[in-house]
Amino acid sequence: MSDNKYDVIVIGSGPGGYVAAIRAAQLGLKTACVEKWANEAGKTVNGGTCLNVGCIPSKALLDSSHRYHDAHDGFEKHGISTGKLKIDVPAMLERKDKVVAQMAGGVSGLFKANKVTSISGKGKLLAGKKVEVTDTKGQATVYEADNVILASGSVPVNIPVAPVDPEDNDIIVDSTGALEFSSVPKTLGIIGAGVIGLELGSVWSRLGSEVVCLEAMDDFLAMMDQQIAKESGKIFKKQGLDVRLSCRVTGTKIKGKKVEVTYVDKEGNEQNQTFDKLIVSVGRRPYTEGLLAQDSGVNMDERGFVFVDENCSTNVPGVWAVGDIVRGPMLAHKASEEGVIVAERIAGQKAMMNYDVIPNVIYTYPEVASVGQTEEQLKSAGEEYKVGTFPFLAVGRAVAADSQDGMVKIISHAKTDRILGCHIVGPSASDLVQQVAIAMEFGSTAEDIGMIVFGHPTFSEAVKEAALAANGHAIHMPNRKRR
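Remember, it's a predicted structure, so these values are computed and weren't measured experimentally. (Residues numbered from 1 in each chain as written. Predicted model: local features only at pLDDT ≥ 70, side-chain atom pairs only at ≥ 80, totals over all residues. Heavy atoms only, no water.)

## Section: the nonpolar core
- Within the largest apolar cluster, 34 residues are counted, with the highest numbers of intra-cluster contacts made by F181, L188, L198, W204, L221, I279 and V368.
- Apart from residues no more than four positions distant in its own chain, L221 is found in contact with A193, G194, L198, Q226, A229 and I362.
- Counting residues in hydrophobic clusters, the runner-up holds 33 residues, among them V357, F390, M440 and A462. (Core = buried A, V, L, I, M, F, W, Y, C linked by side-chain atoms within 4.5 Å. Buried < 20%, exposed > 50% of the residue type's maximum accessible area, 1.4 Å probe, protein only. Contact = heavy atoms within 4.5 Å.)

## Here we look at the sheet that holds strand β22 (residues 419-426)
- Read across the open sheet, the 5 strands follow the order β18-β19-β22-β21-β20; overall the sheet is antiparallel. Both edges of this open sheet fall to β18 (360-362) and β20 (385-391), since each of them pairs with a single strand only. Averaged over all pairs of adjacent strands, the angle between their axes in this sheet comes to 10°, without regard to strand direction.
- Across 6 bridges, the pairing between strand β21 (residues 407-413) and β22 is antiparallel. Paired with I411 across the strands is G421, a residue of β22. (Pairing = 2+ DSSP bridges. Helix = DSSP H or I, 4+ residues; strand = E, 2+ residues; numbered from the N terminus. Axes fitted to C-alpha atoms, helices over the stretch in contact; angles between N-to-C directions.)

## Description of the sheet that holds strand β12 (residues 248-255)
- Strand order in the open sheet formed by 3 strands is β12-β13-β14, with antiparallel pairing between adjacent strands. The open sheet has two edge strands with one neighbour each: β12 and β14 (270-275). Going from strand to strand, the sheet's axes swing by 20° on average, the running direction of each strand aside.

## Structural notes on empty space enclosed by the protein
- Going through the model one piece at a time under the given rule, you end up with 1 cavity of 30 Å³ or more.
- Volume-wise, the largest cavity comes out at about 40 Å³.
- Lining of the largest cavity is provided by P156, D174, S175, I196, V280, S281, V282, G283 and R284.
- For the lining of the largest cavity, the residue count by class is 4 nonpolar, 3 polar and 2 charged. (1 Å grid on protein atoms, 1.4 Å probe; cavity = no way out; pocket = protein on both sides within 12 Å on 5 of 7 lines; lining within 4 Å. Points joined across faces, edges and corners; volume = space filled by probe spheres on them. Nonpolar A, V, L, I, M, F, W, Y, C, P; charged D, E, K, R; others polar.)

## Some words on the layout of surface pockets
- The space that makes up the second largest pocket amounts to roughly 890 Å³.
- As for the second largest pocket, its lining consists of 30 residues, and the residues nearest its centre are H66, H69, D70, Q239 and Y365.
- Where the lining of the second largest pocket is concerned, the elements lending two or more residues are α3 (55-73), α5 (195-206) and α6 (226-239).
- Ranked by residue count, the leading element in the lining of the second largest pocket is α3, at 7 residues.
- Classifying every residue of the lining of the second largest pocket by side-chain character gives 9 nonpolar, 11 polar and 10 charged.

Structure (structure tokens):
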């Protein structure tokens, strides 16, 4: 095999691409991964949006800001005095950057350990499963492959009424710019109150910003179970996040070092408000510009998503696509699992993925997490179901940790008791929901979870009690008749 010929070439080294490349190499396939992202020194930066300007840096800032907020507002009730606190935002950003660099270096190390060839440049799929890679100097090299995996990820959606200047991402910013504020803005506006808007709003609110989220939708967190969404909204309001629903932004104007935002509120009245910074957080779109040559043969829809079947195979044999550029939720863990599935199918295995059991998490504090179907979805489908809920207020560990806000909700089938969904707002929700995801993967019932011995005292006792509650058997539920 020539140096420019591979069994597998992956375009993109985000959570879908780098995992696919590593798994393919583990299976004995000669593999290369193409990545256009480079640092100031021109060195390839692996990990994609998630690692570099998404999941990892945002969680680093969420953790730092939560520690500050806890010290500022939570220590005193524990009998801890700290004196006057101060925020060193540049130091906070420096820590965030170190975390990102460490993780990116980890991906490069994994490539080296698994003998994955890293190719720097922008990849384009040509006809006949050839991949053209153009480096930063504009020089193009063509590689051949038996299989090509497209994993180019997504980018923030821009809207004409609030244009983000990529050269001066400072006053009106996207999610990337919101990770780089050098100081705490006194006032911060956010267009969109979805996952990213809430997480970024939480970071800067904890550090002292007055945060206003302008959400065009009528319902808060419309994609989540609405009982949990309403409970989450109450908690965020208590924390100081000002979420305004049914508000449609119609214009923005830079005025000196501030931005004036014009929007129509839910009563239809035009409003104006000025902010120090404005984050545009209205979703993400597939990054497929320049990914496919006209004669590549791969079909895309008008929104830029690549058409694939249930196994992530495109209409061109030997060409696959995973992650944010295909159907389904734009989640890093979904992309990674698709990458593994594709690599194993290329190697002749019969791997499959259960799209009905993919956890979704909002990393606010408390966290919001879900897996499976919501109550609204089941109602719409005409499914018979049972619901069990349990508040963290009745969990000893949560009360002792001063983390008693929120609840666990488990939905099971009315006749079979098989778990259909779990929705949580509360401490460690991201980890607790995974317990139920495992149970769902094995076809467990609410009764099955209720019969398991859970450690005490733990946050996870709320999961057991919610499962018991689905059948009317909760032990610690206040003011509830039991059967």
